[in-house]
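Single-letter residue listing:
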Amino acid sequence: MLVVFVLYMVATVGLAWWYSRGARSHEAFVLGGGRFGGTALALSERATGESAWLLLGLTGHAYADGLSTIWVALGCVTGILFIWMVMARRLRQERERTGAMTVSSLLARRFPGAEKPIALLSAGIVVFFFMLYIAAQFSGSGKVLQETFGLDPLWGILIASVVVTIYCGLGGFIAVVVTDVFQALLMIFTLVAFPVVALFLAGGRGLDLAAAFAAAGPDYLSLTGGKTGAGAAILVLSGLSWALGYTGQPQLLTRMMAIRSEKDVKTAVRVATVWTLFAYAGAILIGMLGVAFVRAGVVGGGVEKLADPEKVLPAMVTTLVTPILAGVLLSGVISAMMSTASSEVTVSSASFSEDVVASLRRKAATPRGMLLLNQGATLAVGAIAIVLALTMRDTVYSLVSYAWSGIGSSFGPALVLLLFWKRLSRAGVYASLVTGTVATVVWKNVFEQPTGVSERLASYVLSFALAVLCSWLWPEKERAADVADRPAEPLAGDPAGRAG
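What you see is a predicted model, and the numbers here were worked out from it, not measured in a lab. (Residues numbered from 1 in each chain as written. Predicted model: local features only at pLDDT ≥ 70, side-chain atom pairs only at ≥ 80, totals over all residues. Heavy atoms only, no water.)

## A closer look at helix α3 (residues 38-49)
Move 1: In this model, α3 (twelve residues) spans 16 Å end to end at C-alpha, consistent with the 16 Å of a helix rising 1.5 Å per residue.
Move 2: Burial within α3 is extensive, with ten of its twelve residues counted as buried.
Move 3: Within α3, the full set of buried residues consists of Gly38, Leu41, Ala42, Leu43, Ser44, Glu45, Arg46, Ala47, Thr48 and Gly49. (Helix = DSSP H or I, 4+ residues; strand = E, 2+ residues; numbered from the N terminus. Expected span 1.5 Å × (residues − 1). Buried < 20%, exposed > 50% of the residue type's maximum accessible area, 1.4 Å probe, protein only.)

## Things to note about the pattern of salt bridges
Move 1: Under the counting rule described, the total for this entry stands at eleven salt bridges.
Move 2: Taking the shortest distance from any N to any O, the salt bridge between Arg89 and Glu262 comes out at 2.6 Å. Of this pair, Arg89 sits in helix α5 (residues 70-98) while Glu262 is found in helix α13 (residues 262-295), placing the two residues 173 residues apart along the sequence.
Move 3: Residue Glu262 is classed as partly exposed on the basis of its relative accessible area, which comes to 30%. (Salt bridge = Lys/Arg side-chain N within 4 Å of Asp/Glu carboxyl O.)

## With respect to the side chain of Arg110
Move 1: As for its placement among the helices and strands, Arg110 is situated in the loop between α6 (103-108) and α7 (115-149).
Move 2: Here the side chain of Arg110 touches Leu418 through a polar contact of 3.2 Å, landing on its backbone oxygen. (Polar contact = N/O pair within 3.5 Å; in protein donor to acceptor, adjacent residues only side chain to side chain.)

## Description of empty space enclosed by the protein
Move 1: Counted by the stated rule, this structure contains three cavities of 30 Å³ or more.
Move 2: Space inside the largest cavity adds up to approximately 110 Å³.
Move 3: Elements with a minimum of two residues in the lining of the largest cavity: α6, α12 (250-257) and α15 (323-360).
Move 4: With five residues, the top contributor of residues to the lining of the largest cavity is α15.
Move 5: Grouping the constituent residues of the lining of the largest cavity by class yields eight nonpolar, five polar and one charged.
Move 6: Taken as a whole, the second largest cavity spans an internal volume of roughly 40 Å³.
Move 7: Forming the boundary of the second largest cavity are Gly49, Glu50, Trp53, Cys76, Tyr133, Trp242, Tyr246, Tyr280, Val400 and Trp404.
Move 8: Grouping the amino acids of the lining of the second largest cavity by side-chain chemistry returns eight nonpolar, one polar and one charged. (1 Å grid on protein atoms, 1.4 Å probe; cavity = no way out; pocket = protein on both sides within 12 Å on 5 of 7 lines; lining within 4 Å. Points joined across faces, edges and corners; volume = space filled by probe spheres on them. Nonpolar A, V, L, I, M, F, W, Y, C, P; charged D, E, K, R; others polar.)

The structure is reproduced here in C-alpha cells:
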C-alpha cells in the first residue's frame, strides 16, 4: 500500500514537471494560455471542486447523519450543473472581451476608474478565505495518512503540502490542470469502484444493512433527520444552500474562463455532469455502508461508532481490500485534497500578482518578472497554509463550509449580476464583496447556532439583496450596456497589454 502511494506521489510530480516545461510565460502560468479543451478543464474543475470535503467530509456526514445528507448532495449537484450549463459560456466570452486572467480582474475591468479598489478588495477576500480552504485540504491529508500508515498528522500534512507547493511552483495553471485530470480519474475510481466492492463484501459477510441502519437511530433513514415543520425546512434549505456558493468560486470559474472554444464548452458540460452524478452517489453510499461495517466489528477495531466520522472511508479501505487496491483507492482520496489545494494555491498567488501588485505598480512589470513573482507568491501561500493546517483544530467539513460561504457569498452575487443584469453598478459590486465577507463572519459566530440557518444561505441572500439595492440607488453614469461594449483598459502591470 505504501509503495503504491509513493508511486502516486512520484507520478503526480512527474506529470506536473513534464507538461509544465513550456509554461514559461506569465499567461500560461496563470490561465494556461489556451492550451486545454473541454474534457481536461471539466475534469480539472471537478477534481478541484470536490476536495477532502467530498471524500472525508460528505462521507463522514452520511455516516453520522444518514439519508438527510441527500439535501447537501442535491445542493452541490445543482450548483455544479448551474455554473456549467448557465455561466460557463458567458464567463468565457467575458474573459475574451476583457483579457482578464482572474475572477477579480473580470469584475474590476467592467468598471473603468474603479479597477484598483475592486481588484484590491477582491484579492484580499480571496487570499483570506483561501488560506482556510487550503489549510482544510492539508489537514485532511494528515487524517488520511494517520489512519492509513499511522503517521503523525504533522508528517501527513507536511508530505502532501510540500508536494502540492512544489508542482504548483513548477508550472502553475498548466501543472495543476494536468495533475487534476489524473487525480479526477483516481477520485472517480474510488467513488465508483469502492461502493460496489463494499456492497459485495457486505453480502458475502452476511451483513444486515437494514438492521444496521435501524440500530444507528430512528432518524437515520429519515430525509429530514427526524425534524418536522420549521426545523425540517431549515435543514433542507441549509443543504440546498451549498448550490449558491458555486457561483462565486474563483478556483472553479477560472476553468471556464480558460476554455478554448464554444464547442469545448458543450463537451465540458457533458463530462462534468456525468462525473458529478456518479461521485456524489458514491460518497453517500460509502458513508452509509460504513455504519454496517463498523457496527459489525469489521471496521474500526470493534468500536460501536468511530470517534471521528471523517475517517470512515480510509478506515474501510485499509480494512476491506487488498493492500495494492487500498493504495490505489487511498491515492484517490489524497487526490481530492491535493487537486483542490493546488488550484487554490495558484488562484491565491495569481490574485496577489494580478490584482494587488499589478494594480499598485506604476510601471508595468516584464513578463519574466511577473512569472517570478507568481512563483514566489505560490511558495509563500503554501507555507502560510501549512502553518494554519498545523495549528487549527476545526473539522474539514466546518472549515470548508466557512471558506466556501465567504468566497461564494462575496463573489457569487456580483458575478451572476455581472453576467445577466445590465444594471449592475460598481456600488453593487462593492456591496456584494463587503456584505458577503462580513455576513459570513458575523452569521457564523453569532446567529447560526440560535437560528439554525447556515451562513452559506444567510450571507448569500443578504449579499445578493444589497448588491441589487445599491445598484438601483447608485447606478452607473453610463448605461451598463455601453460600458460592457466598450473595450476594457488593461490593469497596470498587465504584461500582455490587452485592451479587450
